[in-house]
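The chain contents come next:
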Amino acid sequence: MKLKIMIGQMEVIPGHPDQNTNTMLEMIGQAREARADMVVFPEMCIPGYLLGDTWEQQSFLRDCEEYGREIVAASQGLTVLFGNVGIDWDKKGDDGRVRKYNAFFVAQNGKLLGRENFPYSFRIKTLQPNYREFDDERHFYSLRKLAQEYGKSPEELLSPVYVNIGGQKLALGCLLCEDGWSEDFYVTKPVTALKEKGPIDLFINISSSPFTVGKNQKRNRIFSRQAQEAAVPLIYVNNVGIQNNGKTIYAFDGSSTVYAKNGEVINYCSEPFSQSAEIFELHLNSDGSPSTAGKLIDNQETISVYQALNYGVRQFLSSIGMKKVVIGISGGIDSAVSAALYADAIGPENLLLVNMPSKFNSQTTKNLARELAENLRCFYTVLPIQKSVDYTLKQIESTPIINAASGDRIQLKISSFMAENIQARDRSSRILAAVAAAFGGGFTCNANKAETTVGYSTLYGDQAGFLAAIADLWKYQVYDLARYLNQQVYHREVIPQGIIDIVPSAELSFDQAVDDGKGDPLVYPYHDYLFRAFVQWWDKATPEDILTWYGDGNLEEKLGCAPGLVKKIFPSAKEFISDLERWWKQFTGIGVAKRIQAPPILAVSRRAFGFDHREAQNGVYFTRKYKQLKEQLLS
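Residues take numbers from 1 onward in each chain, read along the sequence in its written order. For a predicted model such as this one, the threshold for reporting local features is a pLDDT of at least 70, and the threshold for listing and counting side-chain atom pairs is 80 or more; totals across whole chains, interfaces and linings nevertheless cover every residue. With hydrogens and water excluded, all non-hydrogen atoms of the structure serve as input to the side-chain values.

A word on the overall build of the chain. Within the chain, the regular secondary structure consists of 22 helices and 22 strands. Here the globule rule is a power law, 2.2 Å times the number of residues to the power 0.38, and the radius of gyration is based on C-alpha atoms. The C-alpha atoms of the chain give 28 Å as radius of gyration, which agrees with the globular expectation for 635 residues (26 Å, within 12%). C-alpha extents for the chain along the principal axes are approximately 85 × 60 × 60 Å. When each of the 635 residues of the chain is scored for burial, the buried share is 57%. Should any heavy atoms of two residues lie within 4.5 Å, those residues are counted as being in contact. A sequence separation of at least 24 residues applies to 73% of the contacts in the chain between residues at least 6 apart. Roughly 26500 Å² of accessible area belongs to the chain as shown, and the carbon and sulfur atoms make up 49% of that amount. In DSSP terms, a helix is any run of H or I states spanning at least four residues, a strand is any run of E spanning at least two, and both are numbered starting from the N terminus. Only protein chains enter the area calculation, which uses a 1.4 Å probe; residues under 20% of their type maximum are buried, those over 50% are exposed, and those in between are partly exposed. We get accessible surface area from the Shrake-Rupley algorithm with a probe of 1.4 Å; when it comes to residues, only the shown protein chains can shield them.

If you want it as structure tokens, here you go:
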């Protein structure tokens, strides 16, 4: 049998069911005009997915139901599949509130289908993710819990939805996002269970799956294998747009895909991060052509990182109503990449770069900052800070501190380290905040992921801003992105080669003089990989693991950094351990406090800071075995 199907890869606006419904109605109209048999929309396409505790508002839930009824009414003459919250007003969830389900609805000719073999006229998510950014168990009741309530197994409740298209009865296997990733679960396998219940003609996975570097490759392997093993075509429909959980912002890339029954990709929305309503013909019983798989984009490449950041920045600025941006520009790589990203996303006419030199800033970096602004053709100004910093230092050190009880006086003394932080705060809290307000916009945080990991930044200083767009990029990724922006986006050298070549430095003291080759205390070719093991690994590494691998002589192989690098940086175990403890203390100590107060981060990795990498202020801890290994190595 041949079906004419529209993939409704729509932009979902979280918390706005009215706008989402309008988008869906427009696409349904297009599908009807094209005489499509079926239109498929993503998971939670009416309410949005990452909504926080908006899910606890009953008036919002009633709104979602009403808009869902509009979609059902619009299904005259075709079959419409979509995601929405399913509500049982007569039952309670685990939190004592009205029961909610992450639900898959199938509508045809103005009616919902599927009630004849299931407790509800919708299907329910079986496997709810409760890791990374997901918090489904907090809000939604799963099929597994419902099955337990009925005294059955989930496999017994799982059932297809039957539709009649062109006079032929078809069994649809309705899956919700995580239900297709069942290899990570030790219980129900929804695809297998549905197949074993009876013949399935078509699997459909509606998802709300954020972009992550490399995720598409894994999904294609899993879904292709599922289609092949079941010998049933599979349609995957994902949304685009951005959603957030307060501290972390996620871009959704779409990448909707159709798999033939032999597992080959036969249709692919090849324009990521783009709303589309594509119509294709699916022959249920025919194999696909392997040639189409070549169209798939390898989203592990820098191009995908750029696309996600560019899209995320544009969408986030639009969502908060911000049109202009101010960036503190230092002549270093992080602020330069941020500037090039924003100029590309919002236009150079809406961008103001501010260079704020002190006596520690070299003429080299000041020249590079100006060259960058000229290359980007944006607004630029120089606002020196030395006088205001000197005034602050003098004011604090010369003003007595009085004990109100005894009348005793003391004088405060500013150390060189404190003076560095005063410079950073003067730039952000005083200048950038004021300039941004006068320019009619906001100012950015330019921190990278290595700095964010260990708190190598100043609270209310360079860690301030409305968005940390590159804070999920390790330093090597920042350099990769700089080269990509020059070569593939601007097709000219907008980020001067001098910025790429110069030693990374905060230039907050003479000990960080770039012209003398002095810079940050972080050795990025090593620390990027060390910190990545702390943060991004599924089973996170600790100093115990690092010291074990160091003692075994395979640390570089485990971390993925260059061979021979560790010996080159650290001549002895004493220096290696000292460095490890320094950054572990920063990561689990003050770094946590700084991250809690950091701006929202635009996520691209497997584990971004914020609500993805969840952490508590527990203080620094070293395991017993670590202490034993340390003693052995030092003795």
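Structure shown, so let's carry the discussion forward.
So, about the domain arrangement of the chain. All the domain ranges listed were derived from an automatic or database domain assignment. Each assigned domain of the chain is listed here: domain 1 (2–284), domain 2 (301–519) and domain 3 (523–634). Here the C-alpha centre of domain 3 lies 26 Å away from the C-alpha centre of domain 2. At the junction of the two partners, domain 2 supplies 30 residues and domain 3 supplies 25 residues. A quick way to say it: buried area is the sum, across both parts, of accessible area lost when two parts are put together, with a 1.4 Å probe. Both faces considered, domain 2 and domain 3 share a buried interface measuring about 2400 Å² in area, 66% of it formed by carbon and sulfur atoms. Salt bridge, as used here, is a side-chain nitrogen of Lys or Arg placed within 4 Å of a carboxyl oxygen of Asp or Glu. Joining domain 2 to domain 3, the criterion identifies zero salt bridges. Pairs of N or O atoms within 3.5 Å make up the polar contacts considered here, provided that, within protein, one atom can donate a hydrogen while the other can accept it, and that residues adjacent in sequence are counted only when both atoms are side-chain atoms. Here domain 2 is connected to domain 3 by 18 residue pairs in polar contact (both at pLDDT 80 or more). Listing elements by their share of the side of domain 2 that touches domain 3, those giving two or more residues are α8 (302–320), α13 (449–454) and α14 (475–489). Residues are grouped as follows: Ala, Val, Leu, Ile, Met, Phe, Trp, Tyr, Cys and Pro are nonpolar; Asp, Glu, Lys and Arg are charged; all remaining types, including Gly, are polar. Classifying every residue of the side of domain 2 that touches domain 3 by side-chain character gives 18 nonpolar, eight polar and four charged.

Pairing between the strands of a sheet is mediated by backbone hydrogen bonds and can be parallel or antiparallel. Should DSSP find at least two bridges between two strands, the strands are taken to pair. Taken in spatial order, the three strands make up an open sheet running β11-β12-β22, and their pairing is mixed. Among the strands making up the open sheet, the edge pair consists of β11 (240–244) and β22 (601–603). Sheet twist, expressed as the average angle between the axes of neighbouring strands with direction ignored, equals 25 degrees. Of the pairings in the sheet, the one linking strand β12 (residues 248–253) to β22 comprises three bridges and is parallel in character. Within β22, the residue paired with Ile-249 across the bridge is Leu-602. The sheet contacts of α8 involve β11, β12 and β22, and relative to β11 the element is tilted by about 65 degrees. The axes used here are C-alpha line fits, helices contributing only the stretch in contact, and every angle between their N-to-C directions lies in the interval 0 to 180 degrees.

Oppositely charged side chains are able to pair whenever their charged atoms sit close together. Per the stated rule, a full pass over the model turns up 23 salt bridges. Across the salt bridge formed by Asp-136 and Lys-125, the nearest N and O atoms sit 3.5 Å from each other. Taken together, the residues span a long stretch of sequence, with Asp-136 in helix α3 (residues 136–139) and Lys-125 in the loop between β6 (123–124) and α3 at a distance of eleven residues. For Asp-136, a relative accessible area of 3% gives the class buried. Here the salt bridges do not stand alone but share partners, grouping Arg-132, Glu-133, Arg-607 and Asp-612 into one network.

Once that is clear, we can look at helix α9 (residues 333–346). Under the 1.5 Å per step criterion, the end-to-end length of α9 is 20 Å for 14 residues, consistent within 8% with the ideal 20 Å. Of all the 14 residues making up α9, 13 are buried; the element is thus mostly covered by neighbouring parts of the structure. Where α9 terminates, the next one or two residues include Gly-347, which has phi positive at roughly 95 degrees. Helix span, expected: 1.5 Å multiplied by one less than the number of residues in the helix.

With that out of the way, let us pick up the packing of aromatic side chains. Aromatic rings in a pair are described by how distant their centres are and how their planes are angled relative to each other. Only rings of Phe, Tyr and Trp enter the pairing, Trp through its six-membered ring, and a pair is recorded when the two centres are within 6.5 Å. The plane angle decides the type: under 30 degrees is stacked, over 60 is edge-to-face, the rest tilted. What the rule picks out here adds up to 32 aromatic pairs. For the ring pair Tyr-101 and Tyr-141, a centre distance of 6.1 Å and an interplane angle of 80 degrees mean the geometry is edge-to-face. Linking Tyr-101 in strand β4 (residues 98–108) with Tyr-141 in the loop between α3 and α4 (143–149), this pair joins segments that are 40 residues apart in sequence. As far as burial versus exposure is concerned, Tyr-101 and Tyr-141 are alike and both buried. Ring geometry for Phe-223 versus Tyr-236: centroids 5.6 Å apart, planes at 65 degrees, classification edge-to-face. With Phe-223 in helix α7 (residues 215–230) and Tyr-236 in strand β10 (residues 234–237), this pair connects stretches of sequence that are 13 residues apart. Here Phe-223 and Tyr-236 have matching classes, each one buried. Every member of this aromatic cluster is reached through a ring pair, and the members are Phe-82, Tyr-101, Phe-105, Tyr-120, Phe-122 and Tyr-141. Two limits define a charge over a ring: the Lys NZ or Arg CZ must be within 6 Å of the ring centre, and within 35 degrees of the ring normal. The lysine or arginine in question, Arg-614, covers the ring of Phe-611, its NZ or CZ lying 4.0 Å from the ring centre.

This part covers the nonpolar core. If you look at the biggest cluster of nonpolar residues, it comprises 58 residues, and the most contacted ones within it are Val-337, Tyr-342, Leu-353, Leu-376, Leu-485 and Ile-495. Take this core: its biggest share by element is ten residues, from α9. Split by domain, this core shows at least three residues from each of two domains, domain 1 (2–284) and domain 2 (301–519). By nonpolar core is meant a set of buried Ala, Val, Leu, Ile, Met, Phe, Trp, Tyr and Cys residues that side-chain atoms within 4.5 Å join together.

Moving on to the UniProt feature "binding site: ATP" (unreviewed entry) in the chain. UniProt positions are given in the numbering used here, feature names are shortened, and annotations may be inferred rather than shown by experiment. The feature "binding site: ATP" (unreviewed entry), as given by UniProt, occupies Gly-328, Ile-329, Ser-330, Gly-331, Gly-332, Ile-333, Asp-334 and Ser-335 in the numbering adopted here. In this structure, Ser-330 sits in the loop between β16 (325–328) and α9. For Ser-330, a relative accessible area of 33% puts it in the partly exposed group. Within the local environment of Ser-330, its side chain forms a polar contact with the backbone nitrogen of Gly-332, the two atoms lying 3.0 Å apart. Along the chain, Ile-333 falls in helix α9. Classification of Ile-333 as buried rests on a relative accessible area of 5%. Here Ile-333 is in contact with Lys-475, Val-478, Tyr-479, Ala-482, Ile-495, Ile-499 and Ile-500, once residues within four sequence places are set aside.

All right, on to the packing of α9 against α14 then. Running from N to C, α9 and α14 cross one another at 40 degrees; their axes reach a closest spacing of 10 Å. For the element pair α9 / α14, the angle class is oblique. Every pair of crossing elements has a handedness; the one defined by α9 and α14 is left-handed. On α14, the residues that touch Ile-333, Asp-334, Val-337, Ala-340, Leu-341 and Asp-344 of α9 are Lys-475, Val-478, Tyr-479, Leu-481, Ala-482, Leu-485 and Val-489. To sort the angles, those under 35 degrees are grouped as roughly parallel, those over 145 as roughly antiparallel, those from 65 to 115 as roughly perpendicular, and the leftovers as oblique. Two helices crossing with the near one rotated counterclockwise from the far one by less than a right angle form a left-handed crossing, whereas a clockwise rotation gives a right-handed crossing.

Counting through the fold element by element, Asn-102 comes out in strand β4. With relative accessibility at 0%, the residue Asn-102 sits in the buried group. Polar contacts involving the side chain of Asn-102 include one to the side chain of Glu-43, which spans 2.6 Å. Those residues in contact with Asn-102 that lie beyond four places of it in its chain are Glu-43, Met-44, Tyr-49, Asn-84, Arg-123, Ile-124, Lys-125, Asp-136, Phe-140 and Leu-176.

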